[in-house]
Amino acid sequence: MNDSAPAARLRVVTREIEAPDELLVFADPQNPTVWSRRGDILVARGTAAAFGPADANPGPREAADWWRRTVTNAEIDDAVGLPGSGLVAFGALPFDPRPDDRADATTPALHFAVPRAVVGRRGSRAWVTAITADGSDPVASLPAATGFGPHWSATTGPGALPPDGYQEIVRAGVDAILQGDLQKVVLARDLAGTVPADADLRRLVRALSSAYPDTWAFAVDGLIGASPETLVTVSGGTVTARVLAGTIARGADADADTAASLHLATSTKDLDEHGYAVRSVLEALRPSTSSLVAGEQPFMLKLPNVWHLATDVEGELAGDASALDLVAVLHPTAAVAGTPTPNALDEIRRLEPFSRGRYAGPVGWIDANGDGEWAIALRCAQFRPGERTADGASMPFTAYAGAGIVGASDPESEMLETRVKFRPIIDALA
């Protein structure tokens with residue numbers, strides 16, 4: 001059994017305001033909650049209610065049930081009515097919720113919480129939401145602003161799986177594929193590092209959102225990154241997703257960049273990998289939709305550091321499923337696990353010497369209507385705000401990157417792909 005609905009009834013008030021010049025000043029410097037893309041942004045602070053499951057390994061289905069009960073018991077006064085206004089919750093979910101003997105006390109679990117305050121901007125409109133759980137009247141006023149702390153840089157080194165070790169597990173993954181156990185497996189490696197104990201992590205969020213404006217820049221419970229991959233978006237009954245699988249580094253000049261793009265667009269290995277990922281999304285969404293379409297051929301998505309093969313999927317909801325319900329049926333996709341997914345998950349556990357935690361898991365937000373935006377937590381690092389190194393001077397973090405392995409994969413090429421995927425977070429940490 002999961003926890004019952006919150007004992008306290010949430011009271012929510014949202015009011016429109018003149019758009020502030022900078023919304024990140026309203027986030028907690030050491031543990032920011034932020035969701036941003038193309039200038040649209042949600043910044044949250046505090047906790048009014050949180051999903052505290054009795055289950056040992058809860059997933060998005062349990063969180064979705066808790067959310068329905070929370071919404072039913074809430075009193076909501078939303079004078080704005082835009083995506084992200086009114087009652088919202090932010091979540092960061094593990095890649096694999098099953099018990100994991102590689103995990104330790106520092107491995108983050110599912111996080112799903114309602115903040116006390118949200119400041120949002122969408123287009124030219126902005127708002128502030130106040131949420132209380134103690135029976136008091138919410139006052140929809142801007143929370144206190146905090147100026148940015150000093151610039152800082154991180155120290156970064158090898159994690160549990162250095163480059164040579166990663167090539168070894170890629171070889172093992174290829175062997176498993178050639179033996180017929182699976183068609184694709186996504187394998188990741190890690191980097192370990194530290195930042196100053198008092199580092200203002202909003203600077204990292206700002207650097208990522210500025211350098212990669214077309215990605216989902218996020219910060220939820222210490223998980224900070226800039227993901228190019230939409231797991232699912234639900235808005236007014238419309239469902240959209242963006243599937244990315246197949247990657248190549250950008251060229252050093254215009255000719256090399258064109259050649260790189262052409263190579264990816266015609267690569268049988270990458271097209272096969274992409275096809276597995278698209279099919280897994282379509283198969284997962286069909287039972288929940290009345291119509292569902294996807295591009296016949298992938299398009300080339302250009303980011304500052306890489307080209308991706310990409311396919312957009314769009315459909316209409318057939319029932320009353322929420323964004324979080326769709327997260328439950330979609331995750332994990334073939335893009336971050338493999339095909340068949342159960343076999344790929346077993347292979348990931350066998351080969352990766354660490355728990356992924358929330359890397360490659362769902363991250364995003366949901367509102368009282370069940371609408372929301374969820375990405376796959378990629379190009380990211382997990383910080384541990386409550387933890388310090390032995391001397392107390394630094395906060396540890398772990399960054400992750402992975403690559404899709406198929407029968408034709410070359411271990412060195414896959415390792416170099418992870419190096420390219422590390423670049424956004426490593427550059428921002430510098």
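- Looking at an unreviewed UniProt entry, one finds the chain named isochorismate synthase and attributed to Microbacterium paludicola.
- Note on the chain: under the UniProt heading Sequence similarities (unreviewed entry), the record states "Belongs to the isochorismate synthase family."
- Quoted straight from UniProt, the Catalytic activity (unreviewed entry) entry for the chain says "chorismate = isochorismate".

### Overview of the overall build of the chain
Okay, step 1: In terms of regular secondary structure, the chain is built from 8 helices and 23 strands.
Okay, step 2: Scaling as 2.2 N^0.38, a compact globule of 430 residues should have a C-alpha radius of gyration of about 22 Å, and the chain matches this with 21 Å.
Okay, step 3: Looking at the chain as a whole, 56% of its 430 residues qualify as buried.
Okay, step 4: For the chain, restricting intrachain contacts to residue pairs at least 6 apart in sequence, the fraction spanning at least 24 positions comes to 76%.
Okay, step 5: About 17,000 Å² of surface is accessible on the chain, with carbon and sulfur atoms providing 49% of the total.
Okay, step 6: Here the chain holds 37 positive side-chain charges and 55 negative ones, and the gap between their average locations is 2 Å.

### Description of helix α8 (residues 411-429)
Okay, step 1: Its 19 residues give α8 an end-to-end C-alpha distance of 27 Å, which sits within 8% of 27 Å, the value for a rise of 1.5 Å per residue.
Okay, step 2: Taken as a whole, α8 carries its principal kink of about 45° at Arg-423; the proline Pro-424 stands between one and four residues after it.
Okay, step 3: Those residues of α8 that fall on the buried side of the exposure criterion are Pro-411, Glu-414, Met-415, Glu-417, Thr-418, Val-420, Lys-421, Phe-422, Pro-424, Ile-425, Ala-428 and Leu-429.

### What to know about unusual backbone geometry
Okay, step 1: Each neighbour pair has its own omega, and for His-331 with Pro-332 the value is 0°, a cis peptide bond.
Okay, step 2: Looking at the element boundaries, Pro-332 is found in the loop between α6 (323-330) and β19 (338-339).
Okay, step 3: At the junction of Thr-339 and Pro-340, the peptide bond is cis and its omega measures out at -10° in the coordinates.
Okay, step 4: Mapped onto the elements, Pro-340 comes out in the loop between β19 and α7 (341-351).
Okay, step 5: One non-glycine residue, Ala-360, adopts positive backbone phi at about 70°.
Okay, step 6: Relative to the helices and strands, Ala-360 resides in the loop between α7 and β20 (362-367).
Okay, step 7: A relative accessible area of 1% means that Ala-360 is categorised as buried.

### Thoughts on the pairing of strand β3 (residues 40-45)
Regular strands show a simple pattern: their side chains alternate between the two faces of the sheet.
Okay, step 1: By the bridge criterion, 5 bridges tie strand β2 (residues 33-37) to β3 in an arrangement that is antiparallel. When the bridges of β3 are listed, Thr-33 appears paired with Ala-44.
Okay, step 2: Between β2 and β3, which pair antiparallel and follow one another directly, the connecting turn spans 2 residues, one of which, Arg-38, has a positive phi of 50°.
Okay, step 3: As paired strands, β3 and strand β8 (residues 117-122) are joined by 5 bridges and run antiparallel to one another. Note that in β8 the partner of Leu-42 across the bridge is Gly-120.

### Overview of the side chain of Thr-418
Okay, step 1: If you trace the backbone, Thr-418 turns up in helix α8.
Okay, step 2: Residue Thr-418 is classed as buried on the basis of its relative accessible area, which comes to 0%.
Okay, step 3: Among the polar contacts made by the side chain of Thr-418, one reaches the side chain of Arg-189 at a distance of 2.8 Å.
Okay, step 4: Apart from residues no more than four positions distant in its own chain, Thr-418 is found in contact with Tyr-166, Arg-189, Ala-401, Gly-402 and Ala-403.

### Describing the packing of aromatic side chains
Okay, step 1: Per the stated rule, a full pass over the model turns up 7 aromatic pairs.
Okay, step 2: With 5.9 Å between their ring centres and 80° between their planes, Trp-67 and Phe-112 make a pair best called edge-to-face. Taken together, the residues Trp-67 in helix α1 (residues 60-72) and Phe-112 in strand β7 (residues 111-114) connect sequence positions 45 residues apart. Of the two residues, Trp-67 and Phe-112, both sit in the buried class.
Okay, step 3: One aromatic cluster in this structure is built from Phe-51, Trp-66, Trp-67 and Phe-112.
Okay, step 4: If you follow Arg-37 out to its NZ or CZ, it ends over the ring of Trp-216, 4.4 Å from the centre.

### Focus on the pattern of salt bridges
Okay, step 1: Scanning all chains against the criterion turns up 24 salt bridges.
Okay, step 2: The shortest N-O distance in the salt bridge between Asp-214 and Arg-38 comes to 3.2 Å. In this pair, Asp-214 sits in the loop between α3 (202-211) and β12 (216-220) while Arg-38 sits in the loop between β2 and β3, placing the two residues 176 residues apart along the sequence.
Okay, step 3: Take Asp-214: its relative accessible area is 41%, and that puts it in the partly exposed class.

### Some details on the environment of Lys-184
Okay, step 1: Locating Lys-184 in the fold gives a position in strand β11 (residues 184-196).
Okay, step 2: Sequence spacing of Lys-184 and Thr-341 is 157 residues, and the spatial spacing of their C-alpha atoms is 8.8 Å.
Okay, step 3: Polar contacts involving the side chain of Lys-184 include one to the main-chain carbonyl oxygen of Ala-334, which spans 3.1 Å.

### Structural notes on the UniProt feature "domain: Chorismate-utilising enzyme C-terminal" (unreviewed entry) in the chain
Okay, step 1: The residues that UniProt annotates with the feature "domain: Chorismate-utilising enzyme C-terminal" (unreviewed entry) are residues 164-421.
Okay, step 2: Annotated as 33% helix and 36% strand, the span residues 164-421 places its first and last C-alpha atoms 17 Å apart.

### Looking at the nonpolar core
Okay, step 1: Counting residues in each nonpolar core, the largest one holds 90 residues, and the members touching the most others are Phe-112 and Val-114.
Okay, step 2: With 7 residues, the top contributor of residues to this core is helix α5 (residues 268-285).
Okay, step 3: With residues near it in sequence (within four places) discarded, Phe-112 still touches Ala-50, Phe-51, Ala-63, Trp-66, Trp-67, Ala-89, Phe-90, Gly-91, Leu-324, Ile-366 and Trp-374.
Okay, step 4: One finds Phe-26, Val-195, Ile-224 and Leu-429 within the second-largest nonpolar core, a separate group that totals 32 residues.

### Let's talk about the side chain of Thr-247
Okay, step 1: Summarising the element assignment, Thr-247 is placed in strand β15 (residues 238-249).
Okay, step 2: In this structure Thr-247 touches Leu-264, Asp-270, Val-306, Trp-307, His-308, Glu-417 and Lys-421, once residues within four positions along its chain are discounted.

### Digging into the pairing of β12
Okay, step 1: A large share of β12 lies buried, amounting to 5 of its 5 residues.
Okay, step 2: With burial as the criterion, each face of β12 is covered, one bearing Trp-216, Phe-218 and Val-220 and the other bearing Ala-217 and Ala-219.
Okay, step 3: When β2 meets β12, the two strands line up antiparallel, connected through 3 bridges. Within β12, the residue paired with Trp-35 across the bridge is Phe-218.

The rules behind the values
- Residues numbered from 1 in each chain as written.
- Predicted model: local features only at pLDDT ≥ 70, side-chain atom pairs only at ≥ 80, totals over all residues.
- Heavy atoms only, no water.
- UniProt positions renumbered as here; feature names shortened; annotations may be inferred.
- Helix = DSSP H or I, 4+ residues; strand = E, 2+ residues; numbered from the N terminus.
- Rg over C-alpha atoms; globule rule 2.2 N^0.38 Å.
- Buried < 20%, exposed > 50% of the residue type's maximum accessible area, 1.4 Å probe, protein only.
- Contact = heavy atoms within 4.5 Å.
- Areas by Shrake-Rupley, 256 points an atom, 1.4 Å probe, with all protein chains shown as cover.
- Lys, Arg positive; Asp, Glu negative; His and termini not counted.
- Charge placed at Lys NZ, Arg CZ, Asp CG, Glu CD.
- Expected span 1.5 Å × (residues − 1).
- Bend = angle between axes of the 7 residues up to and from the residue.
- Pairing = 2+ DSSP bridges.
- Polar contact = N/O pair within 3.5 Å; in protein donor to acceptor, adjacent residues only side chain to side chain.
- Phe/Tyr/Trp six-rings, centres within 6.5 Å; stacked < 30°, edge-to-face > 60°.
- Lys NZ or Arg CZ within 6 Å of the ring centre and 35° of its normal.
- Salt bridge = Lys/Arg side-chain N within 4 Å of Asp/Glu carboxyl O.
- Core = buried A, V, L, I, M, F, W, Y, C linked by side-chain atoms within 4.5 Å.

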